[in-house]
Amino acid sequence: MNITRYRRTALAALTLTVAALTSGCWIQPPEAAPFGPHTPTVTDSGTGPVTEPSVVIAADSLGAWAQTAVKAHLSQIGATVPWSYNALAGTQVDHWLPLMENRCTPGAPVDNCIPADHVTFIGELLTNDVSNQVFADLAPDLHAALTALADVDCVVWLTLNIEGGDMRPWPYNTRTRMVNDELLRLDADEVTYPNFHLVRWDQISDGHPEYLNLINNDPIHYSDPGNEAFADVVAHAPEACTS
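First, a word on scope: everything that follows refers to the structure included in this document. No experiment lies behind these values; they were computed from the predicted model shown. (Residues numbered from 1 in each chain as written. Predicted model: local features only at pLDDT ≥ 70, side-chain atom pairs only at ≥ 80, totals over all residues. Heavy atoms only, no water.)

Section: the packing of aromatic side chains
We apply this condition: Ring pairs are drawn from Phe, Tyr and Trp, using the six-membered ring of Trp, whenever the two centres fall within 6.5 Å, and their geometry is named by plane angle: stacked under 30 degrees, edge-to-face over 60, tilted for the rest. To qualify as a helix, a DSSP run of H or I must reach at least 4 residues; to qualify as a strand, a run of E must reach at least 2; elements of each kind are numbered from the N terminus. Under the scheme applied here, a residue whose accessible area is under 20% of the maximum for its type counts as buried, over 50% as exposed, and between as partly exposed, the area being computed with a 1.4 Å probe on protein chains only.
Applying the stated criterion to the full structure yields five aromatic pairs. Considering the side-chain rings of tryptophan 201 and tyrosine 211, the 6.0 Å spacing of their centres and the 0° angle between planes classify their relative orientation as stacked. Residue tryptophan 201 is located in helix H7 (residues 201-205), and its partner tyrosine 211 is located in the loop between H7 and strand E7 (212-213); the two are separated by ten residues in the primary sequence. Exposure remark for tryptophan 201: the relative accessible area of 1% places this residue in the buried category. On the basis of an interplanar angle of 80° and a centroid distance of 5.7 Å, the ring pair of tryptophan 201 and tyrosine 222 is categorised as edge-to-face.

Some words on the pattern of salt bridges
Cut-off, in case you're wondering: The term salt bridge refers to a pairing of a side-chain nitrogen on Lys or Arg with a carboxyl oxygen on Asp or Glu at a separation within 4 Å.
According to the stated counting rule, one finds three salt bridges in the structure shown. Between glutamate 182 and arginine 185 there is a salt bridge, with its nearest N and O atoms 3.1 Å apart. In this pair, glutamate 182 and arginine 185 are both assigned in helix H6 (residues 172-188), three residues apart and thus about one turn of the helix distant. Residue class for arginine 185 comes out partly exposed when judged on its relative accessible area of 42%.

Here's the deal with the packing of helix H2 (residues 61-76) against helix H8 (residues 224-236)
To keep things clear, this is the line we draw: Axis definition: a line fit to C-alpha positions, over the contact stretch in the case of helices; interaxial angles, taken between N-to-C directions, run 0 to 180 degrees. Should an angle fall under 35 degrees it is called roughly parallel, over 145 degrees roughly antiparallel, and 65 to 115 degrees roughly perpendicular, with every other angle called oblique. Each helix crossing is assigned a hand: it is left-handed if the near helix lies turned anticlockwise from the far helix by less than a right angle, otherwise right-handed if that turn is clockwise. Throughout, a contact is declared for two residues whenever any of their heavy atoms are within 4.5 Å.
Where H2 meets H8, the axes come as close as 8 Å, and the angle between the chain directions of the two elements is 70°. In this view, H2 runs roughly perpendicular relative to H8, as classed from their interaxial angle. The way H2 lies across H8 gives a crossing that is right-handed. Between H2 and H8, the residues in contact are Leu62, Gly63, Trp65, Ala66, Ala69, Val70, His73 and Leu74 and Asn227, Glu228, Phe230, Ala231, Asp232, Val234 and Ala235, respectively.

Quick look at the structure:
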């Protein structure tokens, strides 16, 4: 092969690889998430649809993969309050702003909205924001989300897992730590965000590389043990409101 042509081919392959890593395509799950932002799955631990959920969750692929396990954990802990489970792979915080801003009409079916009273919102997001955005662009979206949720009784957010180390493309973990630090800062600001609470998934998962889907060379999504641990944390997340 002509050496110039070889170099161009190699450079093109490298460019495509870098583009895939920085675009977020590399964390796409192997199967499509079963729910969309406008078709929330509303459950109450297995007894059927409800009109107004007490817990509303917005999640990316991590939450989508864990949905079945979350339901199982809710059943195990005897949870009876209804959940609206909204999860879609590849989504960022700004994707869910319409849900966060919209309040349901009392007595009407839940459709991309949050009930006005007696509700907990759980945010399992930011994974794709970290992959696709610089922090200067990400922070305003997070603040916009919390502003939209200011009238919600309780907002619970999960910090991001920081396992994986060198297995994750730079600067993923650097950005992840910046985001976790910002979440901690917001949690400490009880004047501006009095309804905001954190669940420290970063601490819970620290030292557990087996939680990552490394058997499939995926340092972002979770293995079966990781999904179980993650689902347990999500199922217990509303308890942060009373701790």
